[in-house]
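# Geometric and topological summary
Read off the chains here:
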Amino acid sequence: MNRYRTSQALILAAFGLGAFFLASMARLNDAAPPELKGSISGAYYLAWRLGMSVAAVAVEALSARLHPGAGFVVFAGLLAVQACVAGRR
């Protein structure tokens, strides 16, 4: 895959990831009891941000150890698994 197509795929994934974050936060907020909405939203946001930070470090370590594109392949695979799991519900 050339760099142009890789860039297109990553841009598309970034838009999808951003849309997923907002949609999942709205869904969680709708499902949460009124007295726990703030706590649940805060915990979800914290988990999301920690995941993004840890994932960035893990991708960098994986790319440095194996191949520069290895982290992106793993990330794409995880997104595919997530899409399959979400599609079954």
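Look up: the structure comes first, before these words.
Residue positions are given per chain, counting from 1 as you read along its sequence in written order. For this predicted model, a pLDDT threshold of at least 70 governs which residues receive local features, and a threshold of 80 or more governs which side-chain atom pairs are given and counted, while totals over whole chains, interfaces and linings are taken from all residues. Heavy atoms throughout the structure, all of them, feed into the side-chain values; hydrogens and water do not.

## Here's the deal with the overall build of the protein
We count it as follows: Helix and strand definitions here come from DSSP, where helices need a minimum of 4 consecutive H or I residues and strands a minimum of 2 consecutive E residues; each element is numbered from the N-terminal end. As a reference, a globule follows 2.2 Å times the number of residues to the power 0.38, and the radius of gyration itself is taken over C-alpha atoms.
Along the protein, the regular secondary structure elements total three helices and zero strands. Reading the protein from its N end, one meets helices and strands in the order α-α-α. Compactness check: the protein gives a C-alpha radius of gyration of 16 Å against a globular reference of 12 Å for 89 residues, more than 25% above the reference. Here the C-alpha coordinates of the protein stretch approximately 50 × 25 × 20 Å along the principal axes.

## Some details on the packing of helix H1 (residues 3–31) against helix H3 (residues 70–88)
Note the cut-off: Think of each axis as a best-fit line through the C-alpha atoms, taken over the contacting stretch in the case of a helix, with angles from 0 to 180 degrees between the N-to-C directions. Under this scheme an angle from 65 to 115 degrees is roughly perpendicular, one under 35 degrees roughly parallel, and one over 145 degrees roughly antiparallel; angles in between are oblique. Less than a right angle of anticlockwise turn of the near helix away from the far helix marks a crossing as left-handed, whereas a clockwise turn marks it as right-handed. In what follows, residue pairs with any heavy atoms lying within 4.5 Å of each other are defined as contacts. Basically, the charged four are Asp, Glu, Lys and Arg, the nonpolar ten are Ala, Val, Leu, Ile, Met, Phe, Trp, Tyr, Cys and Pro, and anything else, Gly included, counts as polar.
The N-to-C vectors of H1 and H3 enclose an angle of 45°; their axes lie 12 Å apart at closest approach. As the angle between them shows, H1 and H3 are arranged oblique. Judged by the sense of rotation from one axis to the other, the crossing of H1 with H3 is left-handed. The segment H1 lies against H3, with Leu10, Ala13, Leu17 and Phe20 engaging Phe72, Phe75, Leu79 and Gln82. In terms of residue class, the contact of H1 with H3 is made up of seven nonpolar, one polar and no charged.

## A look at the layout of surface pockets
We count it as follows: Method remark: on a 1 Å grid restricted to protein atoms, a set of points is classed as a cavity if a 1.4 Å probe fits but cannot get out and as a pocket if it is open with protein on both sides within 12 Å along at least five of seven lines; lining residues have an atom within 4 Å of a point. Grid points are joined across faces, edges and corners, and a volume is the space filled by probe spheres set on the points.
Computed from the structure, the largest pocket encloses a volume of approximately 530 Å³. Along its surface, the largest pocket is lined by 18 residues, and Gly51, Met52, Ala55, Val59 and Phe75 are the ones closest to its centre. When residues of the lining of the largest pocket are traced back to their parent elements, those giving at least two are H1, helix H2 (37–65) and H3. With nine residues, the top contributor of residues to the lining of the largest pocket is H2. Class assignment of the residues belonging to the lining of the largest pocket gives a composition of 15 nonpolar, three polar and no charged.

## Focus: the environment of Gly16
Selection criterion: Working definition: with a 1.4 Å probe on protein chains only, accessible area under 20% of the residue-type maximum means buried, over 50% means exposed, and in between means partly exposed.
You can see Gly16 is positioned in helix H1. Since its relative accessible area comes to 37%, Gly16 is described here as partly exposed. The sequence separation of Gly16 and Ala83 amounts to 67 residues, and the corresponding C-alpha distance is 11 Å.

## A look at the packing of aromatic side chains
This is how the line gets drawn: Only Phe, Tyr and Trp rings are paired, with Trp represented by its six-membered ring, and only when their centres lie within 6.5 Å; those with planes under 30 degrees apart are stacked, over 60 edge-to-face, the remainder tilted.
A full pass over the atoms with the stated rule returns five aromatic pairs. Relative to Trp48, the ring of Tyr44 lies with its centre 6.2 Å away and its plane at 35°, an arrangement referred to as tilted. Remark: Trp48 and Tyr44 occur in helix H2; sequence separation between them is four residues, near one turn of the helix. On the basis of relative accessibility, which here comes to 23%, the residue Tyr44 falls in the partly exposed class. Within the aromatic cluster, the residues linked to one another by ring pairs are Phe20, Phe21, Tyr44, Tyr45 and Trp48.

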